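So you can see what is in the structure, the chains are spelled out below.
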Amino acid sequence: MSNEAAHRTARASRQGKSTPRRTKLTAYALVGLIGGMGALVATAQPMYRAFCQVTGFGGTTQVADEAKLAALIIPVEDEAAKAARYVTVRFDANTNAKLPWHFRPVQRELRVRIGEQVLAHFEATNISDKTIVGTATFNVTPYKTATYFNKIDCFCFTEQVLHPGQTAQMPVIFYVDPEMLKDINTKNETAITLSYTFFADTDQSAAKKADWDQSAAKEADRDQGEARQAEAERRAENSPANRAEING
Amino acid sequence: MNRCRWMLTSLLFISAWLAASAGALAAGPKPWQMNFQEAATPVMEDIISFHNLLLVIEILIVLFVLGLMLVIIIKFNSKANPVPSKTTHNTLLEVVWTVVPIAILMVIAVPSMKLLFFMDKAKNPEMTLKITGHQWFWTYQYPDNGDFEFDSNIVDEEDLPKGGKRLLEVDERVVLPVNTEIRLLMTSDDVIHNWAVPSFGVKMDTVPGRTNESWIKVTKTGTFYGQCSELCGVNHGFMPIRVDVVTKAEFAKWAAAAKVKYAGIQTPPKTAASATAKAIKVAQAAARMPGAHVLKR
Amino acid sequence: MSDTAHAGTDGGHDHSPTGWRRWAYSTNHKDIGTLYLAIAVIAAVVGGAMSAMIRLELTQPGIQFIEDFQFYNMLVTAHGFVMVFFVVMPALIGGFGNWFVPLMIGTPDMAFPRMNNVSFWLLAAALVLLVASTFIAGGVGTGWTVYPPLSNADFHPGMAVDFGILSLHLAGASSILGAINLITTILNMRAPGMTLHRMPLFVWAMLITAFLLLMAIPVLAGALTMLLTDRNFGTAFFSPEGGGDPIFWQHLFWFFGHPEVYIMVIPAFGVISHIISTFSKKPIFGYLGMAYAMSAIGFVGFIVWAHHMYTVGFNVETRSYFVIATMVIAVPTGVKIFSWLATMWGGSIDFKTPMLYAMGFIFLFVAGGVTGITLANAGVDQAFHDTYFVVAHFHYVLSVATVFAIYGGIYYWLGKMSGRQYSEVQGRWQFWITFIGVNVLFFPQHFLGMAGMPRRIPDYPDAYAGWNMVSSIGGLITMLGAFMFLWILYRTLTAGAPAEDNPWGEGATTLEWTVPSPAPFHTHEVLPDTSDLQAAE
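Residues numbered from 1 in each chain as written. Chains lettered and ligands numbered in written order. Predicted model: local features only at pLDDT ≥ 70, side-chain atom pairs only at ≥ 80, totals over all residues. Heavy atoms only, no water.

A few words on the overall build of chain C. Of regular secondary structure, chain C possesses 15 helices and two strands. A compact globule built from 537 residues would reach a C-alpha radius of gyration of about 24 Å, and chain C, at 23 Å, matches this within 12%. Overall, chain C is about 70 × 50 × 45 Å in size when its C-alpha atoms are taken along their principal axes. Taken across its 537 residues, chain C has 71% of its residues classed as buried. Pairs at least 24 apart in sequence give 82% of the contacts found in chain C among residues at least 6 apart. Computed over 19 positive and 29 negative side-chain charges, the inter-centroid distance for chain C is 8 Å. (Helix = DSSP H or I, 4+ residues; strand = E, 2+ residues; numbered from the N terminus. Rg over C-alpha atoms; globule rule 2.2 N^0.38 Å. Buried < 20%, exposed > 50% of the residue type's maximum accessible area, 1.4 Å probe, protein only. Contact = heavy atoms within 4.5 Å. Lys, Arg positive; Asp, Glu negative; His and termini not counted. Charge placed at Lys NZ, Arg CZ, Asp CG, Glu CD.)

As structure tokens, this is what we get:
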């Protein structure tokens, strides 16, 4: 920079007078840099999620869409390829301490033909006296198999509501992508563990709604029942033969 | 080539020294210990041998720098050398001290990668041990050996059996068979913990909401200790790990008995151990942190 | 030279103000630098007292005097925060940076003097908030890494963590303002003839550090804001029950955290370069290599963050990338070490106190650096992660090396800043006591770590007793050195011999030695012409 400019800058800063243009520009550029980093971190969460989804980072499984399923048909029809490999899929269930449910896999492990769609079940029981909403997080290990582990449908996609004492079977339909056999890192894998952890949902509004729905349904049941009974009684008056049935 | 051989020799020497000073079969840390606990798995053996290579290289680097500094102190102090030179450049020298470290790093990188990929995955685990971290105890589950589970709490100082190791003994030990590839699945119920047994070369975070996988194959029977290795709250220092490694036959017997012993034990409602003699103080600490559930005993 | 430069001196309002106004409203880079150094000394006493309590508790197995383990965890956490954000950074960046960047580049003051004032007082407020957090609800017991879920509202329900977060927000804002000021000053206000490639290495170090701050602090600020909303407003960035991921925090934190260690150590590199050149009476060897090595370290520092997270569960490819990237840092670091040695080589060295500290820095930084290579390897890190080996490593490179640069820098520049020279005999004694102390303190921690002793535990299995006792003795020696330093500081400021303008002789070639000692309130009002400066290349 020229002597003149340096002098001007220095003098201005000493006198607290207006800052020279070049200095201002530098400062604006730096604020821009901060803004850029700020924008980066503000979008970090969706970026992180997308990154995990694409790379299977942290064992994030894939969700099979129509296109994927359509593409899958080809290897499945190839009987030789289909028979070529099996992999053991193991099931693991965890319940967070704050959620009073019992949650376990119905089957410990399944021997799965690679490329074939498989249905597995988990079972959850609400052991509290309240209706509770739970959501499940999930991942597979080893992590490197995650990109090949596709879920077609899963109870973990939505929140689950269990009434007091209610037990529910929770299905998951998945397949292991035959591409796994082409990946040098994963082709020798013999077992994949699919693990779930159920948490009490921070948003319990669905529980209230379910309670309300249930009582409404009971109400409706009762109304229906009363109507039926009235109808039956009415009939019974006409036909004594029916009375025994109703009383029984 | 010569250098390589020399390095190998010193490496062997140091391993021998390490082995000689390591003492009796795997039983936790020893007083005044200056090196690793004895290896009981192939992974830990590899960690130790790779670390021996690193140690040799690093000691040589430090000695080299120290030696140069001693020469500088002796030869280039203001009495010995009143007129300073004005050299500020030497291209050859600058290239050398860039290239040589790169070469050294490559010497390190190759065995490092080998170790990393070796420890990554068991070939074909025969059984699974499921580990769940809690504030502040561990839950172990044996899904392949009868699907039983139990909690493992620290033994209070006053209840310590004779010869028991303070802060390392637990009430219910993990029992595992020797020479068996075991898959470790780890998760947590609350905060992040870390399940670590130095002799096994295993150390992995237990993260709530996800499951981590590691593996061990213990080649020696005996008793092994570890401690939680991720700050997890008030009683972080008081959730030890004890693993008893037994023969396969003994393990089968134990598992059969354990299946009966622990049958029907439902973990929730979960109780945490009081940490040794300080229970009251800890309770005070916990009382200040109502979110941390502790001490219901 | 232009005679118009004198015009500014008639301004009037910024002529040496007196009393509390001089300090509270200060826009003078030297006064603000002094304030930063003062806050660093105060914070060092606080942080040092915390480490003394930790070491005393760990002297023997069993409980010594800390019976509330949350209090212990709080000490560990606050010690880290105080030392990082309120000792090392203010001393090196706010203190030395403010004092000597304008002096060295030949400009009267910083580009934005008022912003400089705001920056300091934000830091002071941050320190108050942090100290306050230690008294609220048991304090922040999460470690300085503040990992959720431990740091979220379930496990730290009180206001302590919120105070801590706000404190770091303020400290971050302070750093960002300081960094804008430094970069703008360095890029636009150098004296005539001082090109970038002729800038003293300390100024280079500050420029690189300021850029690291600008890029790293917003990430910390963002992460802290997410944690704050997680704790108070029901978001779930880091809690799995709401679809978040605790590991996401670790990525954000360490994306800031690793550059942060270079933010602390690169200014130290700058200080050490000056001391070594001065006392060897030689220009720095391989100047450009030094400058670009620092830039390279700063750049690579942004792409190695996950080496702090080897055990959280990464696939092996991820870990192998971070192993290689991390080890690459050893190359520019080696360039720096060997360039310093080459600067000394052939020199005519006076082993005055600052030089002792500089040589101590080099040796201990190498000792701490090689254990960094060990830890960079994810395979062996599985044995070392979260053990005392890690504690030993980062205390060697930070507590020992960086603090040595601060000690050395204060001895080096104390005459210039205060007009009084310390006693050389006292300084040397203080060096040797500190040097022995820190080694006795931290070297045995390598052994503890190898034997498997975890970090951040208030009590340990009995087998670890021996080395812990040795380590605590080292702690006492180090503390003795620190007290002695405070005493020397006090004696020098009250009764030190008058300092010459240039007490170090021919080796001290940078511009700060051309102004009187103590440096007057206004310096370089006539811009020095540095076009006769020896070109760097």
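Still more ground to cover, so stick around.
All names here are of chain C. With respect to the helices and strands, the residue Pro157 is situated in the loop between helix 4 (113–135) and helix 5 (160–188). Pro157 sits in the partly exposed class, given a relative accessible area of 39%. Put simply, Pro157 and Asn315 are 158 residues apart on the chain and 34 Å apart in space, counted from C-alpha to C-alpha.

Here we come to the pattern of salt bridges. This structure, assessed with the given rule, holds 26 salt bridges over all chains. The shortest N-O distance in the salt bridge between Asp162 of chain C and Arg231 of chain C comes to 2.9 Å. Taken together, the residues span a long stretch of sequence, with Asp162 of chain C in helix 5 and Arg231 of chain C in helix 6 (residues 201–232) at a distance of 69 residues. Across the pair, Arg231 of chain C and Asp162 of chain C agree in class, each one buried. A single network of salt bridges, built from pairs that share partners, joins Lys144 and Glu189 of chain A, Asp120 of chain B together with Arg319 of chain C. (Salt bridge = Lys/Arg side-chain N within 4 Å of Asp/Glu carboxyl O.)

This brings us to the state of the cysteines. With the rule as written, the count across this model stands at one disulfide over all chains. With its sulfur 2.2 Å from that of its partner, Cys154 of chain A forms a disulfide with Cys156 of chain A. Between Cys154 of chain A and Cys156 of chain A, the disulfide has an S-S torsion of 130° and is therefore right-handed. Of the two residues, Cys154 of chain A and Cys156 of chain A, neither departs from the other in class, the shared state being buried. The thiol of Cys228 of chain B is unpaired, and the distance to the nearest cysteine sulfur, on Cys232 of chain B, comes to 3.9 Å. (Disulfide = S-S within 2.5 Å.)

On to the packing of aromatic side chains, then. What the rule picks out here adds up to 83 aromatic pairs over all chains. Ring centres of Phe200 of chain B and Phe224 of chain B lie 4.9 Å apart, and the angle between their planes is 50°; this geometry places the pair in the tilted category. Pair noted here: Phe200 of chain B is in the loop between strand 6 (193–197) and strand 7 (202–206) and Phe224 of chain B is in strand 9 (residues 222–227), with a separation of 24 residues, a long-range link. The two residues Phe200 of chain B and Phe224 of chain B agree in class, both being buried. Ring centres of Phe100 of chain C and Trp413 of chain C lie 4.1 Å apart, and the angle between their planes is 25°; on these two criteria the pair is classed as stacked. Here Phe100 of chain C, found in helix 3 (residues 69–105), pairs with Trp413 of chain C, found in helix 13 (residues 388–418); they are 313 residues apart in sequence, far enough to count as distant. You can call Trp413 of chain C buried: its relative accessible area is 0%. Here a set of aromatic residues connected by ring pairs shows up, and it is made of Tyr48 of chain A together with Phe81, Phe85, Trp144, Phe237, Phe238, Phe248, Trp249, Phe253, Trp254 and Phe256 of chain C. One cation-aromatic arrangement involves Lys151 of chain A over Phe138 of chain A; the distance from NZ or CZ to the ring centre is 3.2 Å. (Phe/Tyr/Trp six-rings, centres within 6.5 Å; stacked < 30°, edge-to-face > 60°. Lys NZ or Arg CZ within 6 Å of the ring centre and 35° of its normal.)

For the rest of this paragraph, the subject is the side chain of Asp109 of chain C. Residue and element names in this part refer to chain C. Relative to the assigned elements, Asp109 resides in the loop between helix 3 and helix 4. Of the side chains with opposite charge, Lys30 comes closest to the buried, unpaired Asp109, at an N-O distance of 6.5 Å. At 3.2 Å, the side chain of Asp109 forms a polar contact with the backbone nitrogen of His29. (Polar contact = N/O pair within 3.5 Å; in protein donor to acceptor, adjacent residues only side chain to side chain.)

Before going further, it helps to examine the sheet that holds strand 10 (residues 240–246) of chain B. All names here are of chain B. The sheet built from three strands is open, its strands ordered 4-10-9 with mixed pairing. Each having just a single partner strand, strand 4 (174–177) and strand 9 make up the two edges of the open sheet. Here the strands of the sheet are splayed against their neighbours by 25° on average, with no regard to which way each runs. With four bridges joining them, strand 4 and strand 10 adopt parallel strand pairing. Each residue of the ladder has a partner; that of Val174, found in strand 10, is Val243. Against the sheet, helix 4 (residues 248–261) touches strand 4 and strand 10, its axis set at about 135° to strand 4. (Pairing = 2+ DSSP bridges. Axes fitted to C-alpha atoms, helices over the stretch in contact; angles between N-to-C directions.)

With that out of the way, let us pick up the sheet that holds strand 5 (residues 181–188) of chain B. Residues and elements named next belong to chain B. One open sheet holds the five strands; their spatial order is 3-2-1-5-8, and the pairing between them is mixed. Strands at the two margins of the open sheet, each flanked by one partner only, are strand 3 (148–152) and strand 8 (212–217). The average undirected angle you get between the axes of adjacent strands in this sheet is 25°. Two strands pair when backbone bridges link them, and strand 5 and strand 8 are joined in this way by six bridges, in the antiparallel orientation. Considered in strand 8, the bridge of Leu185 is made with Glu213. Relative to the sheet, helix 4 contacts strand 1 (127–134), strand 2 (137–142) and strand 3, its axis offset from that of strand 3 by approximately 90°.

Take a nonpolar patch on the surface next. Residues and elements named next belong to chain C. Nonpolar side chains collect at one region of the surface, where Ile42, Val46, Val131 and Phe135 lie side by side and expose about 370 Å² of accessible area between them. Elements supplying a minimum of two residues to the nonpolar patch: helix 2 (29–57) and helix 4. The residue Ile42 is located in helix 2 in this model. (Patch = residues over 30% accessible without salt bridge, like charges linked within 9 Å, V, L, I, M, F, W, Y side chains within 5 Å. Areas by Shrake-Rupley, 256 points an atom, 1.4 Å probe, with all protein chains shown as cover.)

We now examine the domain arrangement of chain B. All names here are of chain B. Split into domains, chain B comes out as domain 1 (2–82 + 89–120) and domain 2 (127–263). The contact between domain 1 and domain 2 buries some 1,400 Å² in all, and 56% of this surface belongs to carbon and sulfur atoms. The interface formed by domain 1 and domain 2 holds seven residue pairs in polar contact (both at pLDDT 80 or more) in total. Among the elements of the structure, helix 2 (42–75) and helix 3 (91–120) are those that each provide at least two residues to the side of domain 1 that touches domain 2. Considering each element in turn, the side of domain 1 that touches domain 2 owes the most residues, five residues, to helix 2. Along the lines of polarity and charge, the residues of the side of domain 1 that touches domain 2 split into 12 nonpolar, three polar and three charged. (Domains from an automatic or database assignment. Buried area = accessible area lost by both parts, 1.4 Å probe. Nonpolar A, V, L, I, M, F, W, Y, C, P; charged D, E, K, R; others polar.)

What follows is about the nonpolar core. Phe85, Phe96, Ile266, Trp340, Phe361 and Trp413 of chain C are the most contacted members of the largest nonpolar core, which totals 218 residues. For Trp413 of chain C, the contacting residues outside a window of four places in its chain are Phe96, Phe100, Met104, Phe202, Val271, Glu512 and Trp513 of chain C. Residues Ile131, Ile154 and Val174 of chain B together with Leu150 of chain C belong to the second largest nonpolar core, which totals 45 residues. (Core = buried A, V, L, I, M, F, W, Y, C linked by side-chain atoms within 4.5 Å.)

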